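# A closer look at the structure
Each chain, written out:
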Amino acid sequence: MRTVLRRPDFRLLFGGLLASMIAESMLLLALAIWVKDLTGSDALAGAIIFVIIAPRVLAPLVGWVVDRYPRRRVFVVTNLAMAVLLTPLLAVRDAGDMWIIYGVAALYGLANLTVGVVLSRLIRELVPTDLLGEANGVLQTVRQGLRLVGPLAGAGLYALVGGGMLAAVGIVGFLIAAVVVGGLPLAEPAEDPAEEGSVTRRWRVQLVAGLRHLVDEPAIRRALVGYGLGSLVMGFTESLIFAYVDQGLGRDAAFVGVLVTVQGVGGLVGGLVSAAVLRRVGEVGTLAAGVAFFGPAALALAYPNMWLGFAAVLMAGVSLPLTMVGLHTLVQRRTPPEVLGRAAAAAEAVTRVPQALSIGAGALVVGVLDYRLVFVAVGLVTLLAAAYLWRGRQLSPPAGQPARPRIPAPRPAPEDRKNGSTAVSTVRR
């Protein structure tokens, strides 16, 4: 990680992302707490995450835009748009204005998807292939490390001065990101040569090119199937955690910020070791390890105990950077640059849409079933998904190892055996 941070261009990109990540870490949880305070509903609070993730269904269009236009310009314009999108939050006063929060969350989710996709291409263009794991590890370490202070700072700021000030902090962070990355010395064409003259004639083919690549690449296909299976239930926890805090621990919604901060400790650990894990077990193996950590964490949350809950969210924190580093690095390394934006966007859709559906389902389930039973189900399903991924880790072995096991030499046919040593020497050749 120190090696990749010595690169001046990556440091500049990192500085801009740091400003936007600080804004995100303070804002996202606070939006859910804001809805909880306005409505008193655990389901509606968890549904805010569903609204943010739902725009992932537009991923093919977003990926096409990122592949066609200059990446730096797309990044800057998107961050400026995010700053503008937050301004309506300044008008929220009571439960009657809740539609403003949901509207901003949906548009913010679309902008956030765009930033994530364009970031995959920027990293690929700035960093050598052998340092992609380290670059992704640096970003995930900082992103998860911000959970140590961001959620508590956001919840505290919300409690002191309300959601309007949080919106102002987010606006400043995204403006800084746009200005810093706008100075990135990156030479890029107006559009990729491979796209010349193809937009009007083959736009449907171009939109699905990223998804087609994901299906055709065995390692990426297995990674997305396994992680998608886990995502189908992982999203339940967005609503379950409010029920866990409210019904299980008997505390108010703001205590979720404490748990997320503890999760940040685990995320910091996971981010720091992610590059080392990647070099030892490969991208699919790293993804499997990340999903595996989530299983026992969910099982532990089925029993409401504060200290056990701290241990559980710590494990969940380790899970997230491992899964993200494994998946992002796999897509970046196994995808041609000219289709990387669409492939990254399609990967986001394939993994996030099931998660969005599970968040929506979790918001309904938490009002019908005992949250403890749902946590048990989440733990068992994620362990099954981790086992499926781990069995396919040979598809993306660590650097320096063959992608497939060595095939033994064929046994000589019966007629060859009669020829004695001549047949044996032929087989050896």
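What you are looking at is a predicted structure, and each value in this text was computed from that prediction instead of being measured.

What counts, and where the lines are drawn
- Residues numbered from 1 in each chain as written.
- Predicted model: local features only at pLDDT ≥ 70, side-chain atom pairs only at ≥ 80, totals over all residues.
- Heavy atoms only, no water.
- Phe/Tyr/Trp six-rings, centres within 6.5 Å; stacked < 30°, edge-to-face > 60°.
- Helix = DSSP H or I, 4+ residues; strand = E, 2+ residues; numbered from the N terminus.
- Lys NZ or Arg CZ within 6 Å of the ring centre and 35° of its normal.
- pLDDT = per-residue confidence, 0-100.
- Contact = heavy atoms within 4.5 Å.
- Expected span 1.5 Å × (residues − 1).
- Bend = angle between axes of the 7 residues up to and from the residue.
- Buried < 20%, exposed > 50% of the residue type's maximum accessible area, 1.4 Å probe, protein only.
- Salt bridge = Lys/Arg side-chain N within 4 Å of Asp/Glu carboxyl O.
- Core = buried A, V, L, I, M, F, W, Y, C linked by side-chain atoms within 4.5 Å.
- Patch = residues over 30% accessible without salt bridge, like charges linked within 9 Å, V, L, I, M, F, W, Y side chains within 5 Å.
- Areas by Shrake-Rupley, 256 points an atom, 1.4 Å probe, with all protein chains shown as cover.

## A closer look at the packing of aromatic side chains
All told, the structure shown has six aromatic pairs when counted by the stated rule. Ring centres 6.1 Å apart and planes at 45° place the aromatic pair Tyr108 and Phe174 in the tilted group. Of this pair, Tyr108 sits in helix H6 (residues 98-126) while Phe174 sits in helix H9 (residues 163-182); the two residues are 66 residues apart in sequence, bridging distant segments of the chain. Ring-pair connections join several aromatic residues into one group, and the members of that group are Tyr244, Tyr371 and Phe375. Looking at Arg68, its charged tip hangs above the ring of Tyr69, at a distance of 5.8 Å from the centre.

## Topic: the confidence of the model for the protein chain
Mean pLDDT over the protein chain: 79, with 86% of residues reaching 70 or higher. Per-element confidence in the protein chain is highest for helix H17 (residues 371-391), whose mean pLDDT is 92, and lowest for helix H19 (residues 421-428), whose mean pLDDT is 37. Counting contacts from residues 190-201, a segment whose pLDDT is below 50, to residues more than four positions away or on other chains yields 19 contacts. Confidence drops under a pLDDT of 50 for residues 414-429, and excluding neighbours within four residues, the segment shows six contacts in the predicted structure.

## A closer look at helix H16 (residues 340-365)
Helix length check: H16, at 26 residues, gives a terminal C-alpha distance of 37 Å against a target of 38 Å (1.5 Å per residue), a fit within 8%. The largest bend in H16 comes to about 30°, at Arg352, with the proline Pro354 one to four residues further on. For H16, the tally of buried residues reaches 19 of 26 residues, placing the bulk of the element in the interior.

## Overview of the pattern of salt bridges
Inspection of the entire model under this criterion finds nine salt bridges. Taking the shortest distance from any N to any O, the salt bridge between Arg279 and Glu134 comes out at 2.6 Å. One end of the pair, Arg279, is in helix H14 (residues 255-300); the other, Glu134, is in helix H7 (residues 132-145), and 145 residues separate them in sequence. Overall, Glu134 belongs to the buried group, its relative accessible area being 8%.

## Regarding the nonpolar core
Of all hydrophobic cores here, the largest spans 121 residues; its most connected members are Ile48, Leu89, Val127 and Tyr244. The element that contributes the greatest number of residues to this core is H6, accounting for 16 residues. Other than its neighbours up to four places away in sequence, Leu89 contacts Leu31, Trp34, Ile100, Ile101, Val104 and Ala167.

## Description of a nonpolar patch on the surface
On the surface, a cluster of nonpolar side chains totalling about 370 Å² of accessible area is made up of Val265, Val269, Leu272, Val273 and Leu314. In terms of residue count, the dominant contributor to the nonpolar patch is H14 (four residues). Within the fold, Leu314 resides in helix H15 (residues 306-333).

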